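Architecture and fold: a report
Here is how the chains run, residue by residue.
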Amino acid sequence: HGAFELTEQNMKAFYQESGWGWNSSEKREELEHHEARYLVVYEQEQHNEKTTDSGSNDNDVRVLAGFCHFRFDTDDDDEPTQAVAYVYELQISSQYQRRGVGQRLMAIIEQIAKGADVKKVM
């Protein structure tokens, strides 16, 4: 279950109810843009008690908890005045919502922007 599937699960109905409508190919193209950057949060789910010497479990499964899709861009395509970190998507799986995941992702984006000398996150 990846970024597109989570976005579709969380947003498709909203897009369909809006004037924009849902377009799978356009959304995939946006998510796969060559300048797209991602922060991704996974949770490791354990499925049995047998662990390896390193403490990992051969049957552990990574579950997508959420992600932030962003790009370094300008604040206006026609008359840019400053560089920005533009957040295109912030999607959190339903079972991880209201647990601070999105808030933490945004805090990390702000730190990334600051480290890149970008003063604004949109």
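Details of the structure are given in the entry above.
Residues numbered from 1 in each chain as written. Predicted model: local features only at pLDDT ≥ 70, side-chain atom pairs only at ≥ 80, totals over all residues. Heavy atoms only, no water.

**A short note on the sheet that holds strand E3 (residues 83-92)**
Judged by pairing direction, the sheet is antiparallel, and its three strands sit side by side in the order E1-E2-E3 without closing on themselves. Each of the sheet's edge strands pairs with one partner strand only, and the pair in question is strand E1 (37-45) and E3. With strand direction ignored, the average angle separating the axes of adjacent strands in the sheet is 15°. Judged from the nine bridges that link them, strand E2 (residues 61-74) and E3 form a sheet pairing that is antiparallel. Counterpart to Gly-66 in the pairing with E3 is Ile-92. Contacting E1, E2 and E3, helix H1 (residues 3-17) crosses the sheet at an angle of about 85° to E3. (Pairing = 2+ DSSP bridges. Helix = DSSP H or I, 4+ residues; strand = E, 2+ residues; numbered from the N terminus. Axes fitted to C-alpha atoms, helices over the stretch in contact; angles between N-to-C directions. Contact = heavy atoms within 4.5 Å.)

**Regarding the pattern of salt bridges**
Counted under the stated rule, the structure contains four salt bridges. For Glu-8, the salt bridge identified is with Lys-12, shortest N-O distance 3.9 Å. Taken together, the positions of Glu-8 and Lys-12, both in helix H1 and four residues apart, correspond to about one turn of that helix. For Lys-12, a relative accessible area of 29% gives the class partly exposed. Between Lys-119 and Asp-117 there is a salt bridge, with the nearest N and O atoms lying 3.0 Å from each other. (Salt bridge = Lys/Arg side-chain N within 4 Å of Asp/Glu carboxyl O. Buried < 20%, exposed > 50% of the residue type's maximum accessible area, 1.4 Å probe, protein only.)

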